[in-house]
Amino acid sequence: MESTNLNIRTDKDVKIAAEKIFSELGINMSTAVNMFLRQTIRENGIPFSLKLTPNSETLAAIAEGKKIAYDNNVKGYSSIADLKAALDV
């Protein structure tokens, strides 16, 4: 196996905190990064869940959109032309 160098940039405090944890686990930064890369290959993707948690404003907009979508009193449009015509009134 031929090795190569990988240069990454990270926040200094993040590096220090991670190195402390890795040291307690008996590994160094290089080993930890290699573990991450190998697991990424095994999983064929990021080896942990990535999620976006909507903020309160986004959650309110989603709720409003759902309410409008299911409200029979809200006028709907079947084409962009119809929508534009309604906006021009």
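All residue numbers refer to position in the chain's written sequence, counted from 1. With pLDDT at 70 or above as the cut-off, local features in this predicted model cover only qualifying residues; side-chain atom pairs require 80 or more to be listed or tallied, and sums for whole chains, interfaces and linings still use all residues. Heavy atoms from the whole structure form the basis of all side-chain values; hydrogens and water molecules are not counted.

Sorry if this is basic, but what is going on with the overall build of the chain here?
Every helix listed is a DSSP run of H or I at least four residues long, and every strand listed is a run of E at least two residues long, numbered separately from the N terminus. Summing up its helical and strand segments, the chain has four helices and zero strands in all. Mapped in sequence order, the helices and strands of the chain form the string α-α-α-α. Radius of gyration: C-alpha atoms only; globule rule: 2.2 Å multiplied by the number of residues to the exponent 0.38. A compact globule built from 89 residues would reach a C-alpha radius of gyration of about 12 Å, whereas the chain, at 25 Å, exceeds it by more than 25%. Dimensions of the chain along its principal axes, counting C-alpha atoms only, are 70 × 30 × 25 Å. Only protein chains enter the accessibility calculation, which uses a 1.4 Å probe; a residue is then buried when its area is under 20% of its type maximum, exposed when over 50%, and partly exposed in between. The proportion of buried residues among the 89 residues of the chain is 3%. Residue burial considers only the protein chains on display, and all accessible areas are found by Shrake-Rupley using a 1.4 Å probe. By element, 55% of the accessible surface of the chain is carried by carbon and sulfur atoms, the whole surface being about 8,700 Å². Taking the average place of the 11 positive charges on the side chains of the chain and the average place of its 11 negative ones, the gap between the two points comes to 4 Å. In this tally Asp and Glu are treated as negative and Lys and Arg as positive; neither His nor the chain ends contributes. To locate a charge, take NZ of a lysine, CZ of an arginine, CG of an aspartate or CD of a glutamate.

Before we go on, may I ask you to explain the pattern of salt bridges in this structure?
Salt bridges, as used here, are contacts in which a Lys or Arg side-chain nitrogen is within 4 Å of a carboxyl oxygen on Asp or Glu. Across all of its chains, the model carries two salt bridges by this definition. Its salt-bridge partner being Glu19, residue Lys15 comes within 3.4 Å of it at the nearest N-O pair. Of this pair, Lys15 and Glu19 both sit in helix α1 (residues 12-25), four residues apart, which is roughly one turn of that helix. For Glu19, a relative accessible area of 33% corresponds to the partly exposed category.

I tried to follow unusual backbone geometry on my own but got confused; where do I start?
With glycine set apart, most residues show a phi of negative sign, and most peptide bonds adopt trans. In the Ramachandran plot, Asn44 falls in the positive-phi region, its phi being about 60 degrees despite a non-glycine side chain. If you trace the backbone, Asn44 turns up in the loop between α2 (29-43) and α3 (56-69). The exposure class assigned to Asn44 is exposed, which follows from its relative accessible area of 72%.

What's the story with a nonpolar patch on the surface in this structure? I'm lost.
Taken together, Leu6, Ile8, Phe36, Leu37, Ile46, Phe48 and Leu50 make up a surface patch of nonpolar side chains, about 710 Å² in accessible area. If you trace the backbone, Leu50 turns up in the loop between α2 and α3. On the basis of relative accessibility, which here comes to 64%, the residue Leu50 falls in the exposed class. The residues that make up patches have over 30% relative accessible area and no salt bridge, and they are joined within 9 Å when like-charged or within 5 Å when they are Val, Leu, Ile, Met, Phe, Trp or Tyr.

I would appreciate a short explanation of α2 in the present structure.
Along an α-helix, residues three or four positions apart point the same way, because every turn accommodates 3.6 residues. To estimate the expected span of a helix, subtract one from its residue number and multiply by 1.5 Å. Over its 15 residues, α2 runs 21 Å from end to end, which matches the ideal 21 Å to within 8%, given 1.5 Å per residue. Capping the start of α2 is the job of one residue whose side-chain oxygen sits 3.2 Å from the backbone nitrogen of Ser30: Asn28. With its phi angle positive at about 60 degrees, Asn44 sits one or two positions after the end of α2. N or O atoms closer than or at 3.5 Å make up a polar contact, with two conditions inside protein: a donor-capable atom paired with an acceptor-capable one, and, for residues adjacent in sequence, both atoms drawn from side chains.

Teacher, can you tell me more about the environment of Pro47 here?
Summarising the element assignment, Pro47 is placed in the loop between α2 and α3. Taking C-alpha positions, Pro47 is 7.6 Å from Phe36, a pair spaced 11 residues apart along the chain. Contacts of Pro47, omitting those with residues within four sequence positions, involve Phe36, Gln39 and Thr40. We call two residues in contact when some of their heavy atoms are within 4.5 Å.

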